[in-house]
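# Summary of structural features
Chain by chain, the residues:
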Amino acid sequence: QVQLVESGGGLVQAGGSLRLSCAASGRTFRSTNMGWFRQAPGKEREFVTAISWTGVNIYYVDSVKGRFTISRDIAKNTVYLQMNSLKPEDTAVYYCGASRKRSGVPREVYEYDYWGQGTQVTVSS
């Protein structure tokens, strides 16, 4: 079992930055792939970025490349999402997910086994 708790969301002006954190409990954290998804009102949950359990493989959706950075701290059982140059279209609830998939880096909602409660990010224009 893995339990996830996100934090760090808030209201920021366009061009600003936020850092989201996802604290994980459970001994299996170091062997799970971790991802960030987001869901805007009226839209489906969409993939943002993910990092493999080894930390070697990282993927980003095209719309956030060069602006967002995912990282993980094994010692702290925490994964981070640094978001820079935020745009109004980044406004959404951001969810942290954990996947036990062993091959590749999961980028689909169904590939994730555990989810956090979400944290709201609002970017004003």
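Before reading on, note that the structure itself is shown above.
Below you will find a few notes about this structure.

Reading guide: rules and limits
- Residues numbered from 1 in each chain as written.
- Predicted model: local features only at pLDDT ≥ 70, side-chain atom pairs only at ≥ 80, totals over all residues.
- Heavy atoms only, no water.
- Disulfide = S-S within 2.5 Å.
- Helix = DSSP H or I, 4+ residues; strand = E, 2+ residues; numbered from the N terminus.
- Buried < 20%, exposed > 50% of the residue type's maximum accessible area, 1.4 Å probe, protein only.
- Core = buried A, V, L, I, M, F, W, Y, C linked by side-chain atoms within 4.5 Å.
- Polar contact = N/O pair within 3.5 Å; in protein donor to acceptor, adjacent residues only side chain to side chain.
- Contact = heavy atoms within 4.5 Å.
- Pairing = 2+ DSSP bridges.
- Axes fitted to C-alpha atoms, helices over the stretch in contact; angles between N-to-C directions.

Moving on to the state of the cysteines. Applying the stated criterion across every chain yields a total of one disulfide. Each disulfide pairs two cysteine sulfurs, and for Cys 22 the partner residue is Cys 96, the sulfurs being separated by 2.1 Å. Around the S-S axis, the bridge from Cys 22 to Cys 96 shows a dihedral of about -75 degrees and counts as left-handed. Note that Cys 22 is positioned in strand β3 (residues 18-25) and Cys 96 in strand β9 (residues 92-99), a separation of 74 residues in sequence. In terms of burial, Cys 22 and Cys 96 fall into one category: buried.

On to the nonpolar core. In terms of nonpolar packing, the biggest core is built from 27 residues, with Leu 4, Met 34, Trp 36, Phe 68, Val 79, Met 83 and Tyr 94 touching the most fellow members. Those elements giving two or more residues to this core turn out to be β3, β4 (33-39), β5 (46-51), β7 (68-73), β8 (78-83), β9 and β11 (119-124). Residues Phe 37, Ala 50, Val 105 and Tyr 112 belong to the second largest nonpolar core, which totals five residues.

Another aspect to go through is the environment of Arg 27. Here Arg 27 lies in the loop between β3 and β4. Separated by 13 residues in sequence, Arg 27 and Ala 14 place their C-alpha atoms 38 Å apart.

Mapped onto the elements of the fold, Arg 67 is located in the loop between β6 (58-60) and β7. Here the side chain of Arg 67 touches Ser 85 through a polar contact of 2.9 Å, landing on its backbone oxygen. At 2.8 Å, the side chain of Arg 67 and the side chain of Asp 90 are in polar contact. Excluding residues within four positions of it along the chain, Arg 67 makes contact with Gln 82, Met 83, Asn 84, Ser 85, Leu 86, Lys 87 and Asp 90.

This part covers the sheet that holds β8. One open sheet holds the four strands; their spatial order is β1-β3-β8-β7, and the pairing between them is antiparallel. The open sheet is flanked by β1 (3-7) and β7, the only strands paired with a single partner. Averaged over all adjacent pairs, the angle separating strand axes in this sheet is 15 degrees, with direction ignored. Bridge analysis of β3 against β8 gives six bridges, and the strand direction is antiparallel. Within β8, the residue paired with Leu 18 across the bridge is Met 83.

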